[in-house]
Amino acid sequence: MAEAKTRVLVVDDDPDLLDLVQRSLSAYGFEVQTHTSALGVSNIVRASEPDFVLIDVNFPALKGDKVVGLARQYAPPGTRFILYSASDESKLRSLALASGADGYISKSVQGAELAQKLQAMRLKPRPPNPNPAPVEG
């Protein structure tokens, strides 16, 4: 029996970035779904039960760090919410802590490095009260 693919939901308002992340993670065996708005993420999380939600912080209507708390209510217990942004690392760290995200990754991390960081994080048990940190690969 084949091992189930790691499911990733990537939420960003940049369609080019979504396409790049989808193609690169798919090449490493991930099942990738994308969404272009912070609105509706809770419904997608409930329906698709992803292993990871990579979410940008900067959306016009609803900031990504606020979506984490809302969407987590509908997510399976093992779903990990990762802030995925081009923001300054210190800002990302404090937003991750404040929002209850499981970590953060800079958008400069792509391809094999992004796949490795997600796989490494998937192998670690999710603590009951996660202390967000950069995802180490």
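Bear in mind the structure is a predicted one, so any value in this text is a computation, not a measurement.

A. How the structure looks around the side chain of threonine 6. Summarising the element assignment, threonine 6 is placed in the segment before strand E1 (7-11). At a separation of 2.8 Å, a polar atom in the side chain of threonine 6 contacts the side chain of arginine 122.

B. Representation of the pairing of strand E3 (residues 52-55) in the model. Burial of E3 is two-sided: the residues Phe52 and Leu54 facing one way and the residues Val53 and Ile55 facing the other way are all buried. As paired elements, E1 and E3 share four bridges and run parallel to each other. Counted as the bridge partner of valine 8 is phenylalanine 52 from E3. Note: E3 against strand E4 (residues 80-85), four bridges, orientation parallel. Bridging from a neighbouring strand, phenylalanine 52 pairs with arginine 80 of E4. Handedness of the crossover is the feature at issue here: the chain leaves E3, passes through helix H3 (residues 64-72), returns alongside E4, and the resulting connection is right-handed.

C. How the structure looks around the pattern of salt bridges. Applying the stated criterion to the full structure yields five salt bridges. In this structure, the salt-bridge partner of aspartate 102 is arginine 72, at a minimum N-O distance of 3.0 Å. Within this pair, whereas aspartate 102 is found in the loop between helix H4 (89-99) and strand E5 (103-106), its partner arginine 72 is found in helix H3, the two being separated by 30 residues in sequence. On the accessibility criterion, aspartate 102 (7% relative accessible area) is buried. Of the residues examined, arginine 72 reaches a relative accessible area of 23% and is grouped as partly exposed. Of the charged contacts in the structure, one is a salt bridge between glutamate 89 and arginine 93, with a shortest N-O distance of 3.4 Å. Of the two residues, glutamate 89 and arginine 93 are both situated in helix H4; the distance of four residues between them amounts to about one turn of the helix. In this structure glutamate 89 comes out as partly exposed when scored by relative accessible area, which is 45%. The class of arginine 93 is partly exposed, set by a relative accessible area of 37%.

Reading guide: rules and limits
- Per chain, residues are indexed from 1 in the order of the written sequence.
- In view of the model being predicted, local features appear only for residues whose pLDDT reaches at least 70, and side-chain atom pairs are presented and counted only at 80 or more, with totals across whole chains, interfaces and linings using the full set of residues.
- Each side-chain value is worked out from all heavy atoms of the structure, with water and hydrogens disregarded.
- The helix and strand labels rest on DSSP assignments: H or I over at least four residues marks a helix, E over at least two residues marks a strand, and numbering proceeds from the N terminus.
- Polar contact is the term for a pair of N or O atoms within 3.5 Å; when the atoms are in protein, one must be able to donate a hydrogen and the other to accept it, and sequence-neighboring residues count only if both atoms are side-chain atoms.
- Exposure categories follow from relative accessible area, calculated using a 1.4 Å probe and restricted to protein chains: below 20% of the type maximum is buried, above 50% is exposed, and the middle band is partly exposed.
- One bridge is not enough; two strands pair if DSSP finds at least two bridges between them.
- With its strands directed away from the observer, a crossover is right-handed exactly when the path from the first strand over the helix to the second travels clockwise.
- When a carboxyl oxygen of Asp or Glu lies within 4 Å of a side-chain nitrogen of Lys or Arg, that pair is called a salt bridge.

Shape is all these values report; function is a separate question.
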